[in-house]
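Each chain, letter by letter, is given below.
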Amino acid sequence: MIVLPLVGAAVLGAAAGAAEALAVVRTERQLPLHGLPVACAGLRIAHVSDLHLGAPGVNAAAARRAVGLVQEAAPDLIAITGDLRTHPRGTDDLLEVLGALDAPLGVFATLGNHDVGGVRDPFSRAGAIPDLAAVGVRLLRDETAVVEHAGARIAVSGVDPHRPREVPNGLPEGWPAADGDLHVVLAHYPDVYEGAPDDAAALILAGHLHGGQICLPWPTGRIRFSQLGEAFADGVYQRGALAMHVSRGVGTTFVPLRLFARPEVTILELVAG
């Protein structure tokens, strides 16, 4: 009669995983940056990633909670780093969610592999990219926009999702050029960090890995059950004047569950490092 306890454990595990997938948390971090302009000290950037709207599960509800958490924090700028949809049926939810975001310096987004069809997920299907400008979001596809803040110029670059096996270090056009006092680079894949020049001075925002999505707690840290070969799962990474924040993201893929990889939106407060 071992089967019944195993079934019960599986049901409880699935219920816990579904509950965690909905339990989006707002993480607040101070992020030191070398050479940060005085005018940008205290700048607050909301980092949102991996909404995966249109996928089976609770992603739409999680995305709405994420938006509420971001807007309550009143950031100066909002950055969304790809995998906006998993399937075109999520388009209406996507436009509703993005339309609820607002920040003084703007809302910027780049695409992820699910948005352009670079995925093996059987539940995923790419479609025409909706008009994000209609809901106030600037989509950056291997291009850079510049905004001004307290007299400083902030360059925001968006990198399209190119895997290293297709394009070295995911940078088809090379490291994005920027004419600004602060450079923020939106890239779905964290690989861009390794492709940046040694003298790069920028803040990279990335996602994709969901913090592993399904993990097992361990004394030395979490054991991930996916993306095992990836070096940058979530959190902050720095070398010299280059910093990167990798978000655990909001939604799920393949299975509509999370375990020990709680979904998040992050408010990054920039400070001199």
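See the structure shown above.
Draft legend 1. Up close: helix 2 (residues 59–73). The end-to-end C-alpha distance of helix 2, which contains 15 residues, comes to 21 Å, matching closely the 21 Å that a straight helix rising 1.5 Å per residue would cover. Backbone geometry just after helix 2 places A74 at a positive phi near 50°.

Draft legend 2. Spotlight on the nonpolar core. Ranked by size, the top nonpolar core spans 29 residues in total, and within it L51, I78, I80, L98, L101 and V250 carry the most contacts. Elements represented by at least two residues in this core include exactly strand 2 (44–48), helix 2, strand 3 (77–81), helix 3 (91–99), strand 4 (107–110), strand 5 (137–139) and strand 14 (264–272). Contact partners of L51, with chain neighbours within four places excluded, come to N59, A63, G82, D83, L84, L94, L98, V250 and G251. If you look at the next biggest cluster of nonpolar residues, it comprises 24 residues, including V147, L182, L203 and A243.

Draft legend 3. Broad picture of the packing of aromatic side chains. What the rule picks out here adds up to two aromatic pairs. Between Y193 and F232, the ring centres sit 5.2 Å apart and the planes meet at 75°, which makes this aromatic pair edge-to-face. One end of the pair, Y193, is in helix 5 (residues 192–195); the other, F232, is in the loop between strand 11 (223–224) and strand 12 (235–239), with 39 residues separating them in the sequence. Given a relative accessible area of 13%, F232 falls into the buried group. Across the ring face of Y193, the terminal group of R239 is positioned such that the distance to the ring centre comes to 4.9 Å.

Draft legend 4. Structural context of the sheet that holds strand 9 (residues 202–206). Reading across the sheet, the six strands line up as 6-7-8-9-13-12 and stay open at both edges, with mixed pairing between neighbours. Where the open sheet ends on each side, the last strands, each with one partner, are strand 6 (143–149) and strand 12. Across this sheet, the average inter-strand angle for adjacent strands is 20°, counted without regard to direction. Here strand 9 runs beside strand 13 (residues 242–246); their pairing, made up of five bridges, is parallel. Looking at strand 13, one finds that A202 is bridged to L242.

Draft legend 5. Looking closely at the packing of helix 2 against helix 3. Two elements in contact, helix 2 and helix 3, have axes whose closest approach is 9 Å; the angle formed by their N-to-C orientations is 10°. The angle between the axes of helix 2 and helix 3 places the two elements in the roughly parallel class. Listed contacts from helix 3 to A60, A63, R64 and V67 of helix 2 are D93, E96 and V97. When the residues that make up the contact of helix 2 with helix 3 are grouped by side-chain class, the tally is four nonpolar, no polar and three charged.

Draft legend 6. Highlighting the side chain of E20. If you trace the backbone, E20 turns up in helix 1 (residues 3–22). Although E20 lies buried, it forms no salt bridge, and the closest oppositely charged side chain, R258, sits 6.2 Å away as judged by the N-O distance. A distance of 2.8 Å separates the side chain of E20 from the backbone nitrogen of A261, its partner in a polar contact. From its side chain, E20 meets the backbone nitrogen of R262 in a polar contact 3.2 Å long. Once you skip the residues sitting within four places of it in the chain, E20 turns out to touch R258, L259, F260, A261, R262 and P263.

Draft legend 7. Examining the pairing of strand 7 (residues 152–159) more closely. In terms of burial, strand 7 is largely enclosed, as seven of its eight residues are buried. Note that strand 7 and strand 8 (residues 182–187) share six bridges and pair parallel. Counterpart to V159 in the pairing with strand 8 is A187.

Draft legend 8. Broad picture of unusual backbone geometry. The residue D83 is not glycine, and still its phi comes out positive at about 50°. Of note, D83 is situated in the loop between strand 3 and helix 3. One non-glycine residue, F260, lies in positive phi territory at about 55°. As for its position among the elements, F260 is in the loop between strand 13 and strand 14.

Draft legend 9. Spotlight on the pairing of strand 6. Across seven bridges, the pairing between strand 6 and strand 7 is antiparallel. Looking at strand 7, one finds that E143 is bridged to G158. Turn length for the strand 6-strand 7 hairpin, with the two strands adjacent in sequence and antiparallel, is two residues, and the turn residue A150 shows positive phi of about 50°.

Draft legend 10. Seen up close, the sheet that holds strand 2. With mixed pairing, the six strands of this open sheet are ordered in space as 1-14-2-3-4-5. Strand pairing shows two members of the sheet lacking a second neighbour, strand 1 (25–33) and strand 5, which therefore form its edges. Each strand axis lies, on average, 25° off the axis of its neighbour in the sheet, ignoring direction. Bridge count between strand 2 and strand 14: four bridges; the pairing is antiparallel. Residue pairing in the sheet places A46 in a bridge with I267 of strand 14.

Reading the values: rules and limits
- Residues numbered from 1 in each chain as written.
- Predicted model: local features only at pLDDT ≥ 70, side-chain atom pairs only at ≥ 80, totals over all residues.
- Heavy atoms only, no water.
- Helix = DSSP H or I, 4+ residues; strand = E, 2+ residues; numbered from the N terminus.
- Expected span 1.5 Å × (residues − 1).
- Core = buried A, V, L, I, M, F, W, Y, C linked by side-chain atoms within 4.5 Å.
- Buried < 20%, exposed > 50% of the residue type's maximum accessible area, 1.4 Å probe, protein only.
- Contact = heavy atoms within 4.5 Å.
- Phe/Tyr/Trp six-rings, centres within 6.5 Å; stacked < 30°, edge-to-face > 60°.
- Lys NZ or Arg CZ within 6 Å of the ring centre and 35° of its normal.
- Pairing = 2+ DSSP bridges.
- Axes fitted to C-alpha atoms, helices over the stretch in contact; angles between N-to-C directions.
- Parallel < 35°, antiparallel > 145°, perpendicular 65-115°, else oblique.
- Nonpolar A, V, L, I, M, F, W, Y, C, P; charged D, E, K, R; others polar.
- Lys, Arg positive; Asp, Glu negative; His and termini not counted.
- Salt bridge = Lys/Arg side-chain N within 4 Å of Asp/Glu carboxyl O.
- Polar contact = N/O pair within 3.5 Å; in protein donor to acceptor, adjacent residues only side chain to side chain.

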